[in-house]
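A look at the structure
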Amino acid sequence: MKIAVTYENGQIYQHFGHCQNFKIYTIDNGAITSSEVVGTNGSGHGALSSFLKENEVDALICGGIGAGAQMALAQVGIQLFGGVCGNADQAVQDFLENKLQFNPNVKCNHHDHEHGNDEHKCGEHGCGKHGCHH
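Residues numbered from 1 in each chain as written. Predicted model: local features only at pLDDT ≥ 70, side-chain atom pairs only at ≥ 80, totals over all residues. Heavy atoms only, no water.

**Considerations on the packing of aromatic side chains**
Spelled out, the test is: Here a pair means two rings of Phe, Tyr or Trp (six-membered ring of Trp) with centres within 6.5 Å. Their orientation is stacked below 30 degrees between planes, edge-to-face above 60, and tilted elsewhere. Secondary structure elements are defined from DSSP: runs of H or I of at least 4 residues count as helices, runs of E of at least 2 residues count as strands, and each element is numbered from the N terminus. Each residue's exposure class comes from its accessible area (1.4 Å probe, protein chains only) as a fraction of the maximum for that residue type: buried when under 20%, exposed when over 50%, partly exposed otherwise.
Applying the stated criterion to the full structure yields four aromatic pairs. Measuring from centroid to centroid gives 5.0 Å for F81 and F95, while their planes differ by 70 degrees, and the two rings are edge-to-face. With F81 in strand β6 (residues 79–81) and F95 in helix α3 (residues 88–96), the pair connects residues that are 14 residues apart, well separated along the chain. Each member of the pair, F81 as well as F95, carries the same accessibility label: buried. Between F81 and F102, the ring centres sit 4.9 Å apart and the planes meet at 85 degrees, which makes this aromatic pair edge-to-face.

Have a look at this one:
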């Protein structure tokens, strides 16, 4: 099994569609056997589901994610665990121990308005889990 996490500086990146790196963990017999950080090569939003499928990912742990990306992941058979924040390695360990805190109804509704800068973090306006400001 392979689990991908939206990744930036050891933390779960909070905006799936703008994610530049995933940390992909290989799981065998309920334990992490290897992991690597993989760049998306500029892919964004809908193309990221294909990128993950090509990397044989079975599940995704992320922060905020929009409805279109959720549907694209479902179409390629990737399980989604959204609304998660904090340390990426710890999130995967929590997943393996069946104690990952995630939001099955995660939404990212920021596409309705302009932010005007590239420094925007989804978590600042309610994507992902409230209170996840590092």
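Moving on, there is more to tell.
**A look at the state of the cysteines**
Note the threshold: Two cysteine sulfurs form a disulfide in these notes if their separation is within 2.5 Å.
Counted according to the given criterion, the structure contains zero disulfides. The closest cysteine sulfur to the non-disulfide-bonded C19 is located on C62, 8.9 Å from its own sulfur. Judged by its relative accessible area of 1%, C19 falls in the buried class. For C62, a relative accessible area of 0% gives the class buried.

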